[in-house]
Amino acid sequence: VPNILLSHHDQHHMIRVFFPGLYSPTRENLALTKEEREEWYNRVIYPAMSDAFPQSTTSWPPEYSAEIFRARTHGGHIVNSGHGVPASNVSNLSDIMRIRMELIPWGRLAFFGVQYRGTKDVSYHGARSQRYAQQALDIYLQGIVLHPRDTWYIDIGMEFSRTGCALLWRTDAHNILAADLLKITAEEASQLVRPGRNCRRDLGSHLTQISGLRVKLPEGCRNAGLTKTIMFQAYTTDKALTYHPERGHYGKFLTGQMVLNSPGVPIFCENLLDAYTSASRNMDVAARVEVRVPLSKAVSALLALEDHTIIQSLVMFSRTVWWYVAFQCRSFWTQGHLTHFPTGISEASVYRLSNQCSTQ
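Residues numbered from 1 in each chain as written. Predicted model: local features only at pLDDT ≥ 70, side-chain atom pairs only at ≥ 80, totals over all residues. Heavy atoms only, no water.

Draft legend 1. Quick peek at the sheet that holds strand β1 (residues 3-8). Taken together, the three strands give an open sheet; going across it, the order is β1-β2-β3, and neighbouring strands pair in antiparallel fashion. A single partner strand is all that each edge strand has here, and the edge strands are β1 and β3 (111-116). Neighbour to neighbour, the strand axes of the sheet diverge by 30° on average, direction disregarded. In this sheet, β3 lies alongside strand β2 (residues 13-18) in antiparallel orientation, the contact comprising six bridges. By the bridge assignment, Val17 is partnered in β3 with Phe112. (Pairing = 2+ DSSP bridges. Helix = DSSP H or I, 4+ residues; strand = E, 2+ residues; numbered from the N terminus. Axes fitted to C-alpha atoms, helices over the stretch in contact; angles between N-to-C directions.)

Put into structure tokens, the structure is as follows:
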């Protein structure tokens with residue numbers, strides 16, 4: 001459902017407004033368009049703030065175009081900022097916003113949603129212990145009041161790693177992983193992981209036989225009787241080295257224009273080479289699988305994942321081999337081709353996964 005961020009309560013709590021009136025099966029971008037944001041600000045946000053906090057409007061630009069002008073830097077980027085709202089009057093503000101949203105055709109039936117995010121990696125526990133899982137969940141939910149529980153969803157993950165190695169997901173085993181995660185047949189799993197609108201593959205360094213995936217389960221396919229999973233994904237942690245969302249990209253990127261404007265070896269490639277070289281010495285690559293389930297299913301999620309499924313679904317490289325893409329980058333810029341590979345790499349450096357991987 002298309003939605004927009006309304007406010008932050010603290011570092012992790014966010015309130016979003018969802019607009020069912022903008023939903024369309026063919027709409028791919030859930031963010032509001034420029035025209036929708038303009039109508040949202042001019043007809044809902046500014047008037048509602050004026051009604052609820054008349055004294056605050058002296059610091060609010062009166063129209064969306066004025067706010068965008070204020071927020072845009074000389075370089076053309078938008079720098080978002082916010083305004084504080086007295087907690088004692090939030091309820092009144094939300095009532096006024098609901099009334100004003102009803103005046104917009106696509107704003108009817110809009111509702112508020114609370115999101116708690118930015119907490120990945122803050123809670124680790126033994127992968128096969130329901131008791132440890134419950135303890136970790138209790139600590140995670142301290143200070144959060146949730147009711148009823150099944151209206152809340154949580155992402156639960158399991159990580160696999162081995163010292164000195166890189167573990168990657170096999171493309172040809174996606175159906176095996178999906179079948180075990182959701183407890184469905186192999187035929188159903190094969191249809192579910194077929195690339196399309198509900199399934200997206202993420203190739204590992206452009207190697208088609210190594211890829212993660214992200215699957216959103218259609219309403220009719222959701223595993224209502226078991227885990228009630230609505231989404232699952234499998235990915236690897238090597239992306240963390242260059243993760244940096246910017247201009248529609250999720251990681252560091254290089255454009256043709258940047259290459260043409262840089263004499264010799266662009267500093268970007270030199271920095272990338274240094275990062276990958278350092279990673280080859282110190283940074284293992286772990287494989288992760290995550291499911292999004294109702295909060296009531298959080299403790300039991302992933303506990304039934306079979307060991308043989310993981311063994312069949314992963315391939316293992318030595319850490320140095322996996323980061324050799326850094327040497328490819330170096331040879332491309334210094335020699336103009338990709339034939340200069342690091343020495344000491346052979347088929348013997350690539351292994352099938354053994355039972356010695358660890359889970360967290």
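Text resumes after the structure shown.
Draft legend 2. View of the pairing of strand β12 (residues 314-318). Among the five residues in β12, five count as buried, and that is most of the element. Alternating residues of β12 divide into Leu314, Met316 and Ser318 and Val315 and Phe317, and every residue in both groups is buried. Looking at chain direction, strand β5 (residues 165-169) and β12 are connected through five bridges and run antiparallel. Each residue of the ladder has a partner; that of Leu168, found in β12, is Val315. (Buried < 20%, exposed > 50% of the residue type's maximum accessible area, 1.4 Å probe, protein only.)

Draft legend 3. Spatial organisation of the nonpolar core. Phe160, Leu181 and Phe232 are the most contacted members of the largest nonpolar core, which has 41 residues in total. Per element, the largest residue contribution to this core is five residues, and it comes from helix α5 (residues 174-182). Grouped together as the second largest cluster of nonpolar side chains are 24 residues, Trp40, Ala52, Trp60 and Ile68 included. (Core = buried A, V, L, I, M, F, W, Y, C linked by side-chain atoms within 4.5 Å.)

Draft legend 4. The arrangement of the packing of helix α1 (residues 34-52) against helix α3 (residues 90-101) in detail. In the contact formed by α1 and α3, the axes pass within 9 Å of each other and the chain directions differ by 145°. Note on packing geometry: the crossing formed by α1 with α3 is right-handed. Where α1 abuts α3, its residues Trp40, Arg43, Val44, Ile45, Pro47, Ala48, Met49, Asp51 and Ala52 lie against Asn92, Leu93, Ile96, Met97, Arg100 and Met101. When grouped by side-chain class, the residues that make up the contact of α1 with α3 number eleven nonpolar, one polar and three charged. (Left-handed = near helix turned anticlockwise from the far one by under 90°. Contact = heavy atoms within 4.5 Å. Nonpolar A, V, L, I, M, F, W, Y, C, P; charged D, E, K, R; others polar.)

Draft legend 5. Layout of the packing of aromatic side chains. Within the structure shown, the criterion is met by nine aromatic pairs. Where Phe19 meets Trp40, the ring centres are 5.4 Å apart and the plane angle is 80°; that geometry is what we call edge-to-face. Taken together, the residues Phe19 in the loop between β2 and α1 and Trp40 in helix α1 connect sequence positions 21 residues apart. Each of the two residues, Phe19 as well as Trp40, counts as buried. (Phe/Tyr/Trp six-rings, centres within 6.5 Å; stacked < 30°, edge-to-face > 60°.)

Draft legend 6. Up close: unusual backbone geometry. Non-glycine residue Leu109 carries a positive phi angle of around 70°. Its place among the elements puts Leu109 in the loop between α3 and β3. Of note in this structure, Leu302 is not a glycine but carries a positive phi near 75°. Its location among the elements puts Leu302 in the loop between β11 (287-294) and α9 (307-313). A relative accessible area of 8% places Leu302 in the buried class.

Draft legend 7. Spotlight on α5. Among the nine residues of α5, seven are classified as buried, and the element is accordingly described as predominantly covered. Of all the positions in α5, only His174, Leu177, Ala178, Ala179, Asp180, Leu181 and Leu182 are classed as buried. Phi turns positive one or two residues past the end of α5, at Lys183, with a value near 55°.

Draft legend 8. Representation of the side chain of Arg27 in the model. The residue Arg27 is located in the loop between β2 and α1 in this model. A polar contact of 2.9 Å, which involves the side chain of Arg27, links it to the backbone oxygen of Ala31. Among the polar contacts listed, one links the side chain of Arg27 to the side chain of Glu36, at a separation of 3.0 Å. (Polar contact = N/O pair within 3.5 Å; in protein donor to acceptor, adjacent residues only side chain to side chain.)

Draft legend 9. Up close: the confidence of the model for the protein chain. Here the protein chain averages 80 in pLDDT, and 82% of its residues register 70 or above. Across the protein chain, strand β8 (residues 231-236) holds the top mean pLDDT of 94, while strand β14 (residues 358-359) sits lowest at 37. The low-confidence segment residues 329-360 (pLDDT under 50) makes 61 contacts with residues lying over four places distant or belonging to another chain. (pLDDT = per-residue confidence, 0-100.)

Draft legend 10. A look at the pattern of salt bridges. Inspection of the entire model under this criterion finds 13 salt bridges. For Arg43, the salt bridge is made with Glu39, and the minimal N-O distance between the two is 3.0 Å. With a gap of four residues between them, Arg43 and Glu39 both fall in helix α1, about one helical turn apart. On the accessibility criterion, Arg43 (36% relative accessible area) is partly exposed. Its relative accessible area of 23% is what places Glu39 among the partly exposed residues. With its nearest N and O atoms 2.5 Å apart, the salt bridge here joins Asp180 to Lys183. Judged by relative accessible area, which is 10%, Asp180 ranks as buried. Through salt bridges with shared partners, a single network forms among Asp202, Asp238 and Lys239. (Salt bridge = Lys/Arg side-chain N within 4 Å of Asp/Glu carboxyl O.)

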